[in-house]
Amino acid sequence: MRVLVAALIGGIVMFIWGAVAHMALGLGETGIRQPAAENVVLDSLHQGLGMQAGVYILPSFDPARMSDEAAVKAYSEKAKSSSYAWIVYMPQGDDLMQMGPQLGRQWASDTLSALALAFVMGLAAFGFRKRLGIAVAAALFAWLSSMVPYWNWYRFPLDFTLAALVEQVIGWLLAGAAMAWWLGRAERRVV
């Protein structure tokens, strides 16, 4: 039960920190730019990408053609000389101003992440500092295993990637401190 309560505390702290980081500090918008001619791009999406939702990388290369030396060379030349885009595409659109479902999913994600972290933090009778160290290590692990590959392979902007590091480390430091306090408090009562 103490792990579940720690997870709820951590999920709430992380959710609140996420709101502050995005709405007050702007960390969630770092590296995101406004298009020069949005309507031109939007009008061309259906024609260029079709009607199938998904992630598109432009210029595109079919992995089934990796053994075709000429196709690989032609793609390399095109990739060097053309623009690059990583696009999350939804042909039907969505009202991004209706944040209720997104906020619910974010809270659930924060709380489930906190549950995994609380489980690890509660495995043994660690002190506050060791539990806090586990939280920072988990934040770094998550960032290194997800955001750095996106920067490396998909060319996410470096400032966007580093802002995600700041958001994750500070968030899990705060949530980890609250969770470590709770877990230690519950242990002191048992002793």
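The coordinates are above.
Residues numbered from 1 in each chain as written. Predicted model: local features only at pLDDT ≥ 70, side-chain atom pairs only at ≥ 80, totals over all residues. Heavy atoms only, no water.

In this section: the overall build of the protein. Looking only at helices and strands, the protein has 6 helices and 2 strands in total. Here the C-alpha atoms of the protein give a radius of gyration of 21 Å, more than 25% beyond the 16 Å that 2.2 N^0.38 yields for 191 residues. Taken along the three principal axes of its C-alpha coordinates, the protein extends 70 × 40 × 25 Å. Within the protein, the fraction of its 191 residues that count as buried is 27%. (Helix = DSSP H or I, 4+ residues; strand = E, 2+ residues; numbered from the N terminus. Rg over C-alpha atoms; globule rule 2.2 N^0.38 Å. Buried < 20%, exposed > 50% of the residue type's maximum accessible area, 1.4 Å probe, protein only.)

Among the surface-exposed residues, Leu-8, Ile-12, Ile-16, Val-20, Leu-25 and Trp-107 lie close enough to one another that they form a single nonpolar patch of about 530 Å² accessible area. At 4 residues, helix α1 (residues 2-24) tops the list of elements feeding residues into the nonpolar patch. Here Leu-25 lies in the loop between α1 and α2 (38-49). Since its relative accessible area comes to 52%, Leu-25 is described here as exposed. (Patch = residues over 30% accessible without salt bridge, like charges linked within 9 Å, V, L, I, M, F, W, Y side chains within 5 Å. Areas by Shrake-Rupley, 256 points an atom, 1.4 Å probe, with all protein chains shown as cover. Salt bridge = Lys/Arg side-chain N within 4 Å of Asp/Glu carboxyl O.)

A complete count under the given rule lists 3 salt bridges for this structure. Here Asp-68 ties to Arg-65 by a salt bridge, and the two come within 3.6 Å at their closest N and O atoms. When its relative accessible area of 41% is taken as the criterion, Arg-65 is described as partly exposed.

Taking 1.5 Å per residue, 27 residues should reach 39 Å; helix α5 (residues 128-154) reaches 38 Å between its end C-alpha atoms and fits that length. Of all the bends in α5, the greatest measures close to 35° and is centred on Leu-144. Among all positions of α5, only Arg-131, Leu-132, Ile-134, Ala-135, Ala-139, Trp-143 and Met-147 are buried. At the C-terminal side of α5, Arg-155 shows a positive phi close to 65°. (Expected span 1.5 Å × (residues − 1). Bend = angle between axes of the 7 residues up to and from the residue.)

Another point: the environment of Val-20. Assignment of secondary structure puts Val-20 in helix α1. Assessed through its relative accessible area of 36%, Val-20 is described here as partly exposed. Taking the C-alpha atoms as reference points, Val-20 and Glu-167, 147 residues apart in sequence, are found 9.8 Å from one another.

Looking at the second largest pocket, its volume works out to about 290 Å³. When contributions to the lining of the second largest pocket are tallied by element, the ones reaching two or more residues are α3 (69-81) and α5. Each residue belonging to the lining of the second largest pocket can be placed in one class, and the counts come to 8 nonpolar, 2 polar and 1 charged. (1 Å grid on protein atoms, 1.4 Å probe; cavity = no way out; pocket = protein on both sides within 12 Å on 5 of 7 lines; lining within 4 Å. Points joined across faces, edges and corners; volume = space filled by probe spheres on them. Nonpolar A, V, L, I, M, F, W, Y, C, P; charged D, E, K, R; others polar.)

Take the packing of α1 against helix α4 (residues 100-121) next. Look at α1 against α4: their axes get within 7 Å of each other, and the N-to-C directions meet at 135°. Between α1 and α4, the angle is such that the two are oblique. The chirality of how α1 crosses α4 is right-handed. Contacts between α1 and α4 involve Val-3, Leu-4, Ala-6, Ala-7, Leu-8, Gly-10, Gly-11, Ile-12, Met-14 and Phe-15 from the first element and Leu-103, Gln-106, Trp-107, Asp-110, Thr-111, Ala-114, Leu-115, Ala-118 and Phe-119 from the second. Tallied by class, residues from the contact of α1 with α4 come to 14 nonpolar, 4 polar and 1 charged. (Axes fitted to C-alpha atoms, helices over the stretch in contact; angles between N-to-C directions. Parallel < 35°, antiparallel > 145°, perpendicular 65-115°, else oblique. Left-handed = near helix turned anticlockwise from the far one by under 90°. Contact = heavy atoms within 4.5 Å.)

What follows deals with α2. Given a rise of 1.5 Å per residue, 12 residues ought to cover 16 Å, and the 16 Å separating the end C-alpha atoms of α2 matches this to within 8%. In the segment just after α2, Gly-50 is the residue with positive phi, at about 85°.

On to the packing of aromatic side chains. Evaluated as defined, the whole model comprises 9 aromatic pairs. Between Phe-61 and Tyr-75 the ring centres are 5.1 Å apart and the planes differ by 45°, which places this aromatic pair in the tilted class. Residue Phe-61 is found in the loop between β1 (54-58) and α3, and its partner Tyr-75 is found in helix α3; the two are separated by 14 residues along the sequence. Judged by relative accessible area, which is 26%, Tyr-75 ranks as partly exposed. Each ring, one from Trp-86 and one from Phe-156, has its centre 4.9 Å from the other, and the planes form 75°; the classification is edge-to-face. Here Trp-86 is found in strand β2 (residues 85-89), whereas its partner Phe-156 is found in the loop between α5 and α6 (158-190), with 70 residues between them in sequence. The buried category is assigned to Phe-156, whose relative accessible area is 15%. (Phe/Tyr/Trp six-rings, centres within 6.5 Å; stacked < 30°, edge-to-face > 60°.)

Interpretation in functional terms is not warranted from these geometric data alone.
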